Amino acid sequence: MKYDVMLCKITEKKRLTADVFDLTVEAGELAEAASAGQFAHVYVPGKTLRRPISICEIDRAAGTLRFVFQIRGEGTAWLADACPGDTLDILAPLGNGYSLGNTRQKAVFVGGGIGVPPLLEAAKAFGENAAVLAGFRNEESIILKEDFEKYGNRVLIATDDGSFGYHGLVTDLLKGLDFTVIFACGPVPMLKAVCRTAAARGVPCQISLEERMACGIGACLGCACRLKKDGTEFYGHVCKDGPVFDSETVVWEG
Ligand code: FES
């Protein structure tokens, strides 16, 4: 895995919802090396640990990385205050991303809330062969719908309160679809439901567990996860072994 630290200038900033922001940075070789589903570590002044932020989009020709993140604490609040022209100290690309395989197969992407942005780069590669199922609390919290559509993806939205699209769980939308591979990122209950569907249908499935990361650098036990390989269970780290895993290798707690 090739990664490096770079001072990256912010070229664009947008506020997508009340607490979700969209930053594009000049990242040169980091963008060249990055792949869908990986993450970056952003230095926050005064904090010992860098903040893990998933990569939303990669533009290798322009040498830019795009990050869409939610304010969840002091670090991300500081990041949300950054402006075009400011410089971020970024360590990237980190972790293991999605293995896309044949992008002509029928793929379905399932995302929940802030788990939607890490799917964009992978879904982009599938274009019209991808359906994107995105779940949000309500209409106000919907993000990136037009971004997926711009790349030819068919987007179906579910909201918890029924204010937009399907009223209910985003995973309910899997029922009416035909697909041969699943990629997912979002809250654990959603991922568990996705894995059950993948197992029942016998299709390969990759899930990102990145929401469980704390330090992101292998320095804490915050991201320990039970994994299995060849029938043997062991503990791994989401930040180093993932954040993307084959669904069959993850052992769910409880
Ligand atoms: Fe701390 Fe992985 S998030 S060890």
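See above for the structure.
Residues numbered from 1 in each chain as written. Predicted model: local features only at pLDDT ≥ 70, side-chain atom pairs only at ≥ 80, totals over all residues. Heavy atoms only, no water.

Take the sheet that holds strand S3 (residues 39-42) next. Ordered in space as S4-S3-S7-S1-S2-S6-S5, the seven strands form an open sheet in which the pairing is antiparallel. The sheet terminates laterally at strand S4 (51-54) and strand S5 (57-59), the two strands that pair on one side only. Strand-to-strand, the axes of this sheet are offset by a mean angle of 35 degrees, without reference to chain direction. Sheet analysis places S3 next to S4, joined by four bridges and oriented antiparallel. Along S4, the bridge assignment pairs Ala40 with Ile53. (Pairing = 2+ DSSP bridges. Helix = DSSP H or I, 4+ residues; strand = E, 2+ residues; numbered from the N terminus. Axes fitted to C-alpha atoms, helices over the stretch in contact; angles between N-to-C directions.)

Turning our attention to helix H5 (residues 188-201). Side chains of residues three or four places apart in an α-helix project in the same direction, reflecting 3.6 residues per turn. Taking 1.5 Å per residue, 14 residues should reach 20 Å; H5 reaches 20 Å between its end C-alpha atoms and fits that length. If you check which residues of H5 are buried, you get Met190, Leu191, Ala193, Val194, Cys195, Thr197 and Ala198. Contact partners of the buried residues in H5: strand S8 (107-112), strand S12 (181-185) and strand S13 (205-208). Remark: Gly202 follows H5 within two positions and exhibits a positive phi of approximately 70 degrees. (Expected span 1.5 Å × (residues − 1). Buried < 20%, exposed > 50% of the residue type's maximum accessible area, 1.4 Å probe, protein only. Contact = heavy atoms within 4.5 Å.)

Glancing now at the layout of surface pockets. The volume enclosed by the second largest pocket comes to roughly 290 Å³. Lining the second largest pocket are 16 residues; nearest its centre among them are Cys195, Ala198, Ala199, Ser247 and Glu248. Those elements that place two or more of their residues in the lining of the second largest pocket are H5 and S13. Counting residues per element, the lining of the second largest pocket draws most heavily on H5, which supplies five residues. Residue composition of the lining of the second largest pocket, by class: eight nonpolar, three polar and five charged. (1 Å grid on protein atoms, 1.4 Å probe; cavity = no way out; pocket = protein on both sides within 12 Å on 5 of 7 lines; lining within 4 Å. Points joined across faces, edges and corners; volume = space filled by probe spheres on them. Nonpolar A, V, L, I, M, F, W, Y, C, P; charged D, E, K, R; others polar.)

Turning next to the nonpolar core. Judged by nonpolar contacts, the single largest core of 33 residues is most densely connected at Val108, Val110, Leu133, Ile182, Val194, Ile207 and Leu209. Contributing elements (two or more residues each) for this core: strand S7 (87-94), S8, strand S9 (130-136), S12, H5, S13, strand S14 (224-229) and helix H6 (238-241). Leaving out residues up to four positions away in the same chain, Val108 has contacts with Ala131, Leu133, Leu174, Leu177, Phe179, Val181, Ile182 and Phe183. Formed by 27 residues, the second largest nonpolar core is a distinct cluster that contains Cys56, Tyr98, Leu119 and Cys185. (Core = buried A, V, L, I, M, F, W, Y, C linked by side-chain atoms within 4.5 Å.)

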